[in-house]
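Single-letter residue listing:
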Amino acid sequence: MAGLSTTLACSSLLLSLFLLFSSFSAEAKDILVGGKAGAWKVPSSQSDSLNAWAESTRFRVGDSLVWKYDGAKDSVLQVTKEDYVSCNTTNPITQYKDGNTKVELDRPGPFYFVSGVKGNCEKGQKFIVVVLTPRHRYDISPAPSPAEFDGPAVPPTSSASSFKGGLVVGLGLLASGLLF
Ligand SMILES: *[C@@H]1O[C@H](CO)[C@@H](O)[C@H](O)[C@H]1NC(C)=O
């Protein structure tokens, strides 16, 4: 009896840990640019720059960037890489000036944003967000080199299933650690 209830407790703990895990990875978030109110401005130093913030933040497909600012004084321009580098604001991809801007990161890859205020991009009010491809986080095998295409086919599921196996074993160890 005791053995059975321990097994049940163990499985339900495993299940809830697994659900917790899955919900963390699936949830789309609204991400406030700069991590705090009033961050859409010319940075006071390099460490205060929005790129420093962006490099320490994880962005996933489906997440949204949110800007809060005074729409009468500033704006948000999404631009090409070239226009980002040269701070050319004459022909943005999209322009936002409502003071409460939300942009969904709807694909993997880089997004470039600059301020629409003349001169502010040059002073560092700009940043790059790089959205990871979803499979990037799970595919732990290296990309095949061209030479490998001549070799024998490797079942593509092997690395994924061993990763899953490792996860279950890891969670099992964690669960027994918590219980005993
Ligand atoms: C800015 O980009 C526009 C087209 O998008 C181009 O016509 C213009 O010459 C560029 N300005 C500079 C200073 O490069």
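Residues numbered from 1 in each chain as written. Predicted model: local features only at pLDDT ≥ 70, side-chain atom pairs only at ≥ 80, totals over all residues. Heavy atoms only, no water.

> Looking at this structure, how should I read the site of the ligand?
Neighbouring the ligand are the residues Asn88, Thr90 and Asn91. Separating an oxygen atom of the ligand from a side-chain N or O atom of asparagine 88 is a distance of 2.4 Å. Within the side chain of threonine 90, an N or O atom sits 3.4 Å from an oxygen atom of the ligand. In the complex, 30% of the free accessible area of the ligand, which totals 360 Å², lies under the protein chains. (Near = heavy atom within 4 Å. Polar contact = N/O pair within 3.5 Å; in protein donor to acceptor, adjacent residues only side chain to side chain. Areas by Shrake-Rupley, 256 points an atom, 1.4 Å probe, with all protein chains shown as cover.)

> What am I meant to see in the pairing of strand β3 (residues 76-79) here?
Neither face of β3 is left uncovered, since the one carrying Val76 and Gln78 and the one carrying Leu77 and Val79 both have all their residues buried. Pairing between β3 and strand β4 (residues 94-96): three bridges, direction antiparallel. Of the residues in β4, the one forming a bridge with glutamine 78 is threonine 94. Summarising the sheet, β3 and strand β6 (residues 109-115) pair through four bridges and their orientation is antiparallel. Looking at the pairing, valine 79 lines up with tyrosine 112 of β6. (Buried < 20%, exposed > 50% of the residue type's maximum accessible area, 1.4 Å probe, protein only. Helix = DSSP H or I, 4+ residues; strand = E, 2+ residues; numbered from the N terminus. Pairing = 2+ DSSP bridges.)

> Please explain the environment of threonine 90 as it appears in this structure.
Mapped onto the elements of the fold, threonine 90 is located in the loop between α3 (81-86) and β4. By relative accessible area, threonine 90 is classed as exposed at 69%. It is 9.7 Å that separates the C-alpha atoms of threonine 90 and valine 79, two residues lying 11 residues apart in sequence. Separated by 2.7 Å, the side chains of threonine 90 and asparagine 88 make a polar contact.

> I keep staring at the sheet that holds β6 and nothing clicks. Help me out?
Strand pairing in a sheet is mediated by backbone hydrogen bonds. Such pairs are either parallel or antiparallel. Taking strand neighbours across the sheet as the criterion, the four strands line up as β4-β3-β6-β7 in an open arrangement whose pairing is antiparallel. In the strand order of this sheet, the two ends are held by β4 and β7 (126-131), each with one partner. Between one strand and the next, the sheet's axes are offset by a mean angle of 25°, whatever the strand orientation. One ladder, built from six bridges, connects β6 with β7; its direction is antiparallel. Residue pairing in the sheet places proline 110 in a bridge with valine 130 of β7. (Axes fitted to C-alpha atoms, helices over the stretch in contact; angles between N-to-C directions.)

> Which parts of the structure should I look at to understand the nonpolar core?
When a protein is soluble and globular, its nonpolar side chains tend to lie buried together. Judged by nonpolar contacts, the single largest core of 19 residues is most densely connected at Phe59, Leu65, Trp67 and Phe127. Secondary-structure elements contributing two or more residues to this core are α2 (50-55), β2 (64-68), β6 and β7. Setting aside residues no more than four positions away along its own chain, phenylalanine 59 makes contact with Ile31, Trp53, Ala54, Leu65, Leu105, Val129, Val130, Val131 and Leu132. Listed in part, the seven residues of the second largest apolar core include Leu77, Tyr84, Cys87 and Tyr112. (Core = buried A, V, L, I, M, F, W, Y, C linked by side-chain atoms within 4.5 Å. Contact = heavy atoms within 4.5 Å.)

> Where do I start with the confidence of the model for the protein chain in this structure?
In regions of low pLDDT, the predicted coordinates are not meant to be interpreted in detail. Across the protein chain, pLDDT averages 78, with 60% of residues at or above 70. Here residues 146-163 is a poorly scored stretch, pLDDT under 50, and it has five contacts once near neighbours within four places are set aside; other chains count. (pLDDT = per-residue confidence, 0-100.)

> I would appreciate a short explanation of the packing of aromatic side chains in the present structure.
The way to describe two aromatic rings as a pair is by their centre distance and the angle between their planes. Overall, the coordinates contain eight aromatic pairs when judged by the stated rule. Judged by centre distance (6.0 Å) and plane angle (75°), the ring pair of tryptophan 53 and phenylalanine 127 falls under edge-to-face. Of the two residues, tryptophan 53 sits in helix α2 while phenylalanine 127 sits in strand β7, which places them 74 residues apart along the sequence. For phenylalanine 127, a relative accessible area of 0% gives the class buried. Members of the aromatic cluster, joined through ring pairs, are Trp40, Trp53, Phe59, Trp67, Phe113 and Phe127. Here arginine 107 stacks its cationic end above the ring of phenylalanine 111, 3.9 Å away from the centre of that ring. (Phe/Tyr/Trp six-rings, centres within 6.5 Å; stacked < 30°, edge-to-face > 60°. Lys NZ or Arg CZ within 6 Å of the ring centre and 35° of its normal.)

> Explanation requested: the sheet that holds strand β1 (residues 30-32) in the structure shown.
Read from one edge to the other, the open sheet built from three strands follows the order β1-β2-β5, with strand pairing classed as mixed. The two strands at the open ends of the sheet, each matched to only one other strand, are β1 and β5 (100-104). Within the sheet, the average angular offset between the axes of one strand and its neighbour, ignoring direction, is 25°. Pairing between β1 and β2: three bridges, direction parallel.

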